[in-house]
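# Examining the three-dimensional arrangement
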Amino acid sequence: MMPLLAWSWVFTLPGLLLTALGVPSSRNKAGYASLAGPPLLLLVALAALLNGGSYAVAFDNWLPFLPDGAYRALADPLSALLLAILGFVATLVYFYSLGYMATDPARRRFFVYLDLFVAAMALLVLAGNLAVLLIGWTGVGISSFLLISFWRDRPGTLSAGLQALAANAIGDGALLLAASIVPTGCGALVTLQTPRCTGGPGGAEFLALLLFVAAAAKSAQGPLYFWLPNAMAGPTPISALIHAATMVAAGVYLLVRSHALLALAPEVSLAIAVIGVATALGASVASLYQTNFKKGIAYSTVAQLGYMFAGVGVGAPFAGLFHLFTHASFKALLFLAAGIVIHGAGGRESLSELRGLGRFFPFSRVGFLIGSLALIGTPLVTAGSFSKDAIIDAAIAKQPIIGWLLLAGVILTGLYIGRLFSIVYLAPPVDVHAAHHDAQSERPMNWSLVPLMVGAIAFGWLGSWLQATLAPLLGEIEALPPPIDPRGLLAFALGAVGFGLAWWYFTRRAEAVAMAPGQPVAEGEPTYRAAGWVSVLADAGYAVARSLSRVQSGGLPRYAMGSFIGLALILLLREAIR
Amino acid sequence: MSSEALVLATSAALFAVGAAGALVHRHPVAMLMAIEIMLNAANLLIVLGARVRGGADAEGAALVVLVLAAAEAVIGLALALALFRRKPVPDVDAAAELRG
C-alpha cells in the first residue's frame, strides 16, 4: 500500500478538474464529483498504516538550482498517520459542506478550493525533502488564503486572508532559506541531522531555528499567532479542516519529522518549549475575551498547538504527535458543532446573538459537550486526556517549570471552553425565533459529527498501538502515562473547576459575554464595571505618561542640547569601559 | 607640535565653536551656519586621516560630506523660510507647537 500512498496527493485532483469543469452540471449537485477523493485517501492511508513498511520516490535534478533539487516523496507510518487524519477530517468536512454550503451560489468554487487544499496538504505530508516540502507548504498557504477570503464580497475577509498569506510568507521564507543553505545533496528530511548535512552556515542550530520559524508561522505560535483568529472569516467547515485539524498542525508535523535535528540543538528546543507554553497560556486568556464564537474556539486551537510545541520542545515528539492526532478529531468536532448553530442562526457569529440558541440543535449540543470534555481532558472517556497527560508528564519529567505551567494552564482551558459552552448552549435564549431549522441541509451536518464524536471519545486508546507503530521512526519514545494517572487527574480537576466557574458565572448573568473588565454592561448604557485594580493600573499608566511627556518640550535648542549631552555620555562610557 | 597635531587641534576647536553656536543661537540661519562649521571640522579630520593613511578612500568620503552639507543646507534653508512665513520673529523657540 505504501507505493500507492506515496502518490496519494493526486487523489483529489480528478474531482478538482471535474468540479471545475462543471460536472455534474446541476447546481444543487455541485461538488458531488469531489466527494470520492478524501474517502479514498482515508482508506489507502489506513491500509498503509496497518501494513507498515515504507516507500520512497525520487526523481533527480528536478529543481537543479537547489542543493537537493530532486523530487522526493516518502510514504512511511508517520506520513500515513497524518494522511489518515487528513482523509478522516476531510471526508466529514466534505459531507458537512454539502449542508453548510447548500444554498451558497459559489459552492462549486468552494469544492475546487477544498480539493486544492487536500492535494497540497497531502503533498506536504508526503514530502521527502525540503524542496517538495516547500511546494506543499506554500500550496496549503495559498489554498488557505483562497478559502479564508472565500466570501470575498463580505467586509474583512480579504484582509484576513492577506494576513494569513503574510504570516505564511514568513514561514515560507525560512523554509526556502533552509532548503538553500544545506550542503549540496542534503535536503532529505530524514537525513538532516547527519554531520554532513549540518555542516552548512550556522550548523545544526541555525537549520533547526529556520525549521522552527517555519513551523511557528504555520502553527500560529508566539508572535506569529495573529493570523489564525482572523482566519475565522472563512466558512466554518474551513475553520474545522484547515485552521484546526490539519494545516495548522503541519508545523508540529515538521518538528516531529525533524526531531533528530532538534535533539542536536538544545537551545532551539528550549525556545520551542518556552514559546509553546507562553502561547498556550496567552491564547487561553485571550479566548476569554472574544465576543465572536469562532474566534473563541480559534484561540483554543492556538493554545492547544502551544501544548504540542511544548511537548516537542521538551524532547517528547511522540506526545506532541499524539496530541495532534486526538486534537484533530475533537477540535474539528467543536468547530463543526459550532457551525450548525451559526448556520441555523443565519450566519451570525457573535456570542451575544447566539446566546442560548444552541439548545435548539441537539446534535450540536452533544457534539460540543463531548469536544469540550475532550479538550479539558476527562480521563478514560475522552481522547484528549490521554494525549494531554502524555505531554504534561513528559514536560514535568524533562523541564519541570514548563510542565507545571502546562498543568496549571488546564484551568484556563476549562474556563474558556466552559464560557463558550455556557453562553451558547446553556444560557436561556434571548430571542427564541432567531434560530431556524432546515432539515434538508442540517442532515449531512448532523451526521458528520457522529464519527468525530466517536474519535473524540475513543482515539486515546490507540496510543500504545501508535507508539509501537511509530517507534522505529521516532527513536526512543517516552512511556505513555497510564489512563488513570495522578497528574492527569489533577489536570482534569483544574479543568473541571474552570468549566464549573464559567458555567456558574455565564449562565447566571444574562448580560455577561466577555470577561473583560470595563466592558459596557449593556448596549446603550454608559455604566462601566471596572474592578478596583483596573482603575489603579490605568491611573498609574496615565501618571507615567504625563511625567514622561514633559521631555517632549518642542524646543529645538533643548533637543540639540540633549543629543549633545547624550553623545558625550556615550563616548565617555566607551572610554570608561575600555 | 607636529603639523598633524596642529590640524587635529584646529578641527577640535572648529567643532567646539560650531557646537556652541548651534546650541546658543536661536536664529535658524545662524544655527545652520554653526552646523556647517561642525561639518567642516569633521571634514578636516577626514582629510587629515587620508593624508596619514595615504589612501584615496577617505578623500572620497570627504567629497561625500561636501555633497551632504549642500543637501542639508537646502533642506535647512527651506525650513527656515517656512518658519519666516509663519512667525513674526525668526526664533526656533517659537516653533514648539508639537510639544507633548
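This write-up is about the structure you can find in this document. If you're wondering where the values come from, they're calculated on a predicted model, not measured in any experiment.

Moving on: the overall build of chain B. Each helix and strand counted, chain B has 3 helices and 0 strands in total. Ordered by position from N to C terminus, the α and β elements of chain B give α-α-α. For chain B, the C-alpha radius of gyration of 17 Å lies well beyond 13 Å, the compact-globule estimate for 100 residues. By its C-alpha atoms, chain B is 50 × 25 × 25 Å across when sized along the principal axes. Counting every position in chain B, which comprises 100 residues, the buried fraction comes to 26%. For chain B, contacts bridging at least 24 residues in sequence account for 57% of all contacts bridging at least 6. Accessible area of chain B: about 6500 Å², with a carbon and sulfur share of 72%. Across chain B, the mean location of the 7 positive side-chain charges is 9 Å away from that of the 8 negative side-chain charges.

Glycine aside, residues mostly have negative phi, and peptide bonds are mostly found in the trans state. Residues and elements named next belong to chain A. Looking along the chain, the bond that leaves valine 23 and enters proline 24 is cis, with omega of -10°. Note that proline 24 resides in the loop between α2 (13–21) and α3 (37–51). The phi dihedral of alanine 220 falls on the positive side, at around 55°, and the residue is not glycine. One can find alanine 220 in the loop between α8 (203–218) and α9 (227–230). Residue classification places alanine 220 among the buried residues on the basis of a relative accessible area of 0%.

So, about the side chain of aspartate 172 of chain A. Residues and elements named next belong to chain A. Structurally, the position occupied by aspartate 172 is in helix α7 (residues 157–181). One buried charged residue, aspartate 172, forms no salt bridge at all, with the nearest opposite charge on lysine 218 at 4.6 Å. Those residues within four positions of aspartate 172 in sequence are excluded, and the remaining contacts are Leu134, Trp137 and Thr138.

We now examine the environment of valine 23 of chain A. Residues and elements named next belong to chain A. Looking at the element boundaries, valine 23 is found in the loop between α2 and α3. Residue classification places valine 23 among the partly exposed positions, given a relative accessible area of 39%. In this structure, the C-alpha to C-alpha distance between valine 23 and leucine 321, residues 298 residues apart in sequence, is 38 Å.

A few words now on the packing of aromatic side chains. For any pair of aromatic rings, geometry is given as the distance between the ring centres together with the angle between the planes. Residue and element names in this part refer to chain A. Here the structure, examined in full by the defined rule, presents 23 aromatic pairs over all chains. Ring centres of phenylalanine 363 and tryptophan 447 lie 5.4 Å apart, and the angle between their planes is 65°; this geometry places the pair in the edge-to-face category. Of this pair, phenylalanine 363 sits in helix α17 (residues 362–376) while tryptophan 447 sits in helix α20 (residues 439–458), and the two are 84 residues apart along the sequence. Of the aromatic side chains, those joined through ring pairs into one cluster are Tyr94, Phe110, Phe111, Tyr113, Phe150 and Trp151. A cation over a ring is seen here: arginine 154 above tryptophan 151, with NZ or CZ 3.9 Å from the ring centre. The side chain of arginine 419 reaches across the aromatic face of phenylalanine 506, ending 5.9 Å from its centre.

Moving on to the interface of chain B and chain A. Contacts between the two partners involve 12 residues from chain B and, on the opposite side, 10 residues from chain A. Across the interface of chain B and chain A, roughly 850 Å² is buried in total on both sides, 75% from carbon and sulfur atoms. For the pair chain B and chain A, the interface holds 0 salt bridges. Here chain B and chain A share 0 residue pairs in polar contact (both at pLDDT 80 or more) between them. Broken down by secondary-structure element, the contributors of at least two residues to the side of chain B that touches chain A are α1 (3–24) and α2 (28–53) of chain B. Here the side of chain B that touches chain A takes 3 residues from α1 of chain B, the largest share from any one element. A per-class count over the side of chain B that touches chain A returns 8 nonpolar, 1 polar and 3 charged.

The subject of this paragraph is the nonpolar core. All names here are of chain A. With 171 residues, the main nonpolar core has Phe117, Phe293 and Phe368 as its most contacted residues. Beyond its immediate sequence surroundings of up to four residues, phenylalanine 293 is in contact with Ala338, Ile342, Glu349, Leu351, Leu354, Phe368, Leu420, Val424 and Tyr425. Ala280, Val314, Leu407 and Ala491 belong to the second largest nonpolar core, which has 19 residues in total.

All names here are of chain A. The interhelical angle for the contact between helix α14 (residues 293–313) and helix α19 (residues 400–426), taken along N-to-C directions, is 160°, at an axis separation of 11 Å. With respect to α19, the element α14 is oriented roughly antiparallel. The handedness of the crossing between α14 and α19 is left-handed. Across the interface between the two elements, Phe293, Gly296, Ile297, Ser300, Ala303, Gln304, Tyr307 and Ala310 of α14 pack against Leu406, Gly409, Val410, Thr413, Tyr416, Leu420, Val424 and Tyr425 of α19. Per-class residue counts for the contact of α14 with α19 are 11 nonpolar, 5 polar and no charged.

Below, the discussion takes up the packing of helix α11 (residues 250–257) of chain A against helix α15 (residues 317–344) of chain A. Residues and elements named next belong to chain A. Contact geometry of α11 with α15 gives a least axis separation of 10 Å together with a crossing angle of 155°. Classified by the angle their axes make, α11 and α15 are roughly antiparallel. Where α11 crosses over α15, the handedness of that crossing is left-handed. The residues of α15 that touch α11, namely those facing Val252, Tyr253 and Val256, are Pro317, Gly320, Leu321 and Leu324. Per-class residue counts for the contact of α11 with α15 are 6 nonpolar, 1 polar and no charged.

Our focus in this paragraph is the pairing of strand β2 (residues 71–75) of chain A. Residues and elements named next belong to chain A. Within β2, 4 of the 5 residues are buried, which leaves the element mostly enclosed by the surrounding structure. Strand direction decides the pairing type here: strand β1 (residues 55–59) and β2, joined by 5 bridges, are antiparallel. Of the residues in β2, the one forming a bridge with alanine 56 is leucine 74.

The rules behind these values
Residues numbered from 1 in each chain as written. Chains lettered and ligands numbered in written order. Predicted model: local features only at pLDDT ≥ 70, side-chain atom pairs only at ≥ 80, totals over all residues. Heavy atoms only, no water. Helix = DSSP H or I, 4+ residues; strand = E, 2+ residues; numbered from the N terminus. Rg over C-alpha atoms; globule rule 2.2 N^0.38 Å. Buried < 20%, exposed > 50% of the residue type's maximum accessible area, 1.4 Å probe, protein only. Contact = heavy atoms within 4.5 Å. Areas by Shrake-Rupley, 256 points an atom, 1.4 Å probe, with all protein chains shown as cover. Lys, Arg positive; Asp, Glu negative; His and termini not counted. Charge placed at Lys NZ, Arg CZ, Asp CG, Glu CD. Salt bridge = Lys/Arg side-chain N within 4 Å of Asp/Glu carboxyl O. Phe/Tyr/Trp six-rings, centres within 6.5 Å; stacked < 30°, edge-to-face > 60°. Lys NZ or Arg CZ within 6 Å of the ring centre and 35° of its normal. Buried area = accessible area lost by both parts, 1.4 Å probe. Polar contact = N/O pair within 3.5 Å; in protein donor to acceptor, adjacent residues only side chain to side chain. Nonpolar A, V, L, I, M, F, W, Y, C, P; charged D, E, K, R; others polar. Core = buried A, V, L, I, M, F, W, Y, C linked by side-chain atoms within 4.5 Å. Axes fitted to C-alpha atoms, helices over the stretch in contact; angles between N-to-C directions. Parallel < 35°, antiparallel > 145°, perpendicular 65-115°, else oblique. Left-handed = near helix turned anticlockwise from the far one by under 90°. Pairing = 2+ DSSP bridges.

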